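Analysis of the macromolecular model
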Amino acid sequence: MRRECSLELIDTQSGGDVSRIVVAGIGPIPGTTVRAKARYLQDEGDGLRRLLLSEPYGDPAMSVDLIVEPSRPEAQAGYIIMEAMGYPMYSGSNTICTATALLQSGAIPAREGAQNVVLESPAGLARIEAVVHDGRVESITTQGEPAYVAREGLSVEVPYYGTVGFDLVWSGAYYAMIDAGAYDFTLASEEQIALTAFGDAFVRAARPDLLQEHPDLGDVGPLSFAHFTGGVRTIGDGRFESRSATYVHPGVLCRSPTGTGTSARLALMHRRGEITEGQSLETISPRGNRFVGTVRSSGRVGDYPALHSAITGRARLIAHSRLVVDLEDPLVDASDLENLLTVD
């Protein structure tokens with residue numbers, strides 16, 4: 001008998017970055033917390049990530065968010081984030097997409113106007129304000145991980161590019177923050193291929209000597225993100241904007257300016273006295289897509305002064321689909337899938 005399984009998906013996009021929300025077809029994941037479940041998938045069930053982010057079933061530029069049971073009583077759902085780089089602890093665009101999919105599918109009842117939603121990511125709780133109008137989610141504002149500047153004034157020798165200076169900031173993952181203008185980038189759309197090549201060479205050179213530990217979360221893996229920053233322009237009272245670009249290793253330049261990239265930028269600006277509580281930064285990706293980051297309050301992570309911020313964006317539904325997986329297909333690595341999927 002032919003062995004098949006199916007997955008129920010809601011495809012969404014926020015700022016042009018596509019997130020595939022897996023809402024059914026996966027059995028219970030071992031682990032008492034969302035973080036433990038993510039660790040289990042990373043160690044024992046990575047075939048699911050590879051399946052949904054590889055041809056012919058997906059694309060490495062996408063993200064996948066698997067809906068799981070939360071462990072925190074205040075959370076309405078848990079979600080595990082999967083990307084080309086692995087299993088990030090938190091992601092702004094993925095949170096925006098996941099919250100929108102759950103609200104518009106009815107998994108979380110949507111109410112007209114503003115409502116609060118709490119989701120549990122591997123990093124902890126994401127506190128969300130959703131605005132619904134005529135049954136559609138018009139915006140999501142999410143406060144996730146507090147960001148902090150881990151190290152400043154670093155540099156690394158990058159083959160073909162020379163000495164590259166950067167700062168290291170945590171905002172749900174470690175980000176290398178690079179001044180784009182110092183390397184003649186304007187962060188325009190026609191530079192996307194060059195930015196991807198630069199990001200790839202930089203991450204390969206920089207990651208061996210950088211932090212992989214978080215004071216509370218433990219081992220978070222090697223550096224996978226580089227965020228290119230443009231100049232800052234004042235657009236109103238306490239409101240700024242800046243072009244930016246986020247590279248995700250290996251080989252992905254994000255369509256959106258990314259929520260965690262924006263949070264990292266806010267933490268770095270706050271550290272330098274360039275932005276303060278209540279002020280906001282609108283980040284603009286090379287494709288012209290925008291997120292708004294707002295400084296909320298100071299905090300602390302271990303020994304580091306940290307910054308709480310919120311990211312506002314919008315996601316749109318692309319598709320509701322049932323994906324059929326033939327486990328006998330030679331293009332499917334079924335070795336660690338069968339323990340997760342419901343096989344027909």
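Residues numbered from 1 in each chain as written. Predicted model: local features only at pLDDT ≥ 70, side-chain atom pairs only at ≥ 80, totals over all residues. Heavy atoms only, no water.

As recorded in an unreviewed UniProt entry, the protein goes by the name Proline racemase family protein, listed as coming from Tsukamurella paurometabola. Quoted verbatim from the Sequence similarities (unreviewed entry) heading of the UniProt record, the comment on the protein is "Belongs to the proline racemase family." (UniProt positions renumbered as here; feature names shortened; annotations may be inferred.)

1. Some thoughts on the nonpolar core
Counting residues in hydrophobic clusters, the biggest one holds 58 residues, and the most contacted among them are L119, I140, F166, I178, F202, L223 and F228. With 7 residues, helix α4 (residues 192–206) is the single largest residue contributor to this core. If we skip the residues at most four places from it in the chain, I140 touches I96, A99, T100, L103, I128, E129, A130, I311, T312 and G313. Among the nonpolar cores identified, the runner-up in size contains 28 residues, and L9, L41, M82 and L340 belong to it. (Core = buried A, V, L, I, M, F, W, Y, C linked by side-chain atoms within 4.5 Å. Buried < 20%, exposed > 50% of the residue type's maximum accessible area, 1.4 Å probe, protein only. Helix = DSSP H or I, 4+ residues; strand = E, 2+ residues; numbered from the N terminus. Contact = heavy atoms within 4.5 Å.)

2. Structural notes on the layout of surface pockets
Taken as a whole, the largest pocket spans an internal volume of roughly 290 Å³. Of the volumes computed, that of the second largest pocket is approximately 210 Å³. If you list the elements that add at least two residues to the lining of the second largest pocket, you get β2 (17–24) and β3 (63–68). For the lining of the second largest pocket, the class distribution of residues is 11 nonpolar, 3 polar and 2 charged. (1 Å grid on protein atoms, 1.4 Å probe; cavity = no way out; pocket = protein on both sides within 12 Å on 5 of 7 lines; lining within 4 Å. Points joined across faces, edges and corners; volume = space filled by probe spheres on them. Nonpolar A, V, L, I, M, F, W, Y, C, P; charged D, E, K, R; others polar.)

3. Observations regarding the pattern of salt bridges
For the structure on display, the rule yields 10 salt bridges. Taken together, the shared-partner salt bridges connect R233, E241, E282 and R290 into one network. (Salt bridge = Lys/Arg side-chain N within 4 Å of Asp/Glu carboxyl O.)

4. What about empty space enclosed by the protein?
By the definition in use, this model includes 3 cavities of 30 Å³ or more. If you add up the space inside the largest cavity, you get close to 180 Å³. S63, E83, N94, V248 and C254 are, among the 21 residues lining the largest cavity, the residues nearest its centre. Elements with a contribution of two residues or more to the lining of the largest cavity: α3 (92–104) and β14 (239–248). Element by element, the count of residues in the lining of the largest cavity is highest for α3, at 3 residues. For the lining of the largest cavity, a count of residues per class yields 11 nonpolar, 8 polar and 2 charged.

5. What about helix α1 (residues 34–44)?
Three or more residues of α1 are buried, namely V34, K37, A38 and L41. For α1, the buried positions fall inside an angular range of 100 degrees around the axis, keeping them on one side. Structurally, α1 contributes buried residues whose contacts are with β3, β4 (77–82) and β5 (113–121). (Arc of directions from axis to C-beta.)

6. So, the side chain of S224
Checked against the element boundaries, S224 lands in the loop between β12 (218–219) and β13 (225–236). In this structure, S224 is in contact with M85, R207, Y247, V248 and H249, ignoring residues within four places of it in sequence.

7. A closer look at the pairing of strand β18 (residues 304–313)
As paired strands, strand β7 (residues 136–143) and β18 are joined by 3 bridges and run antiparallel to one another. If you follow T142 over to β18, its bridge partner there is I311. The sheet contact formed by strand β8 (residues 147–158) and β18 spans 2 bridges and is antiparallel. Paired with Y148 across the bridge in β18 is A306. Between strand β17 (residues 290–301) and β18, which follow one another and run antiparallel, lie 2 residues, and G302 among them has a positive phi close to 60 degrees. (Pairing = 2+ DSSP bridges.)

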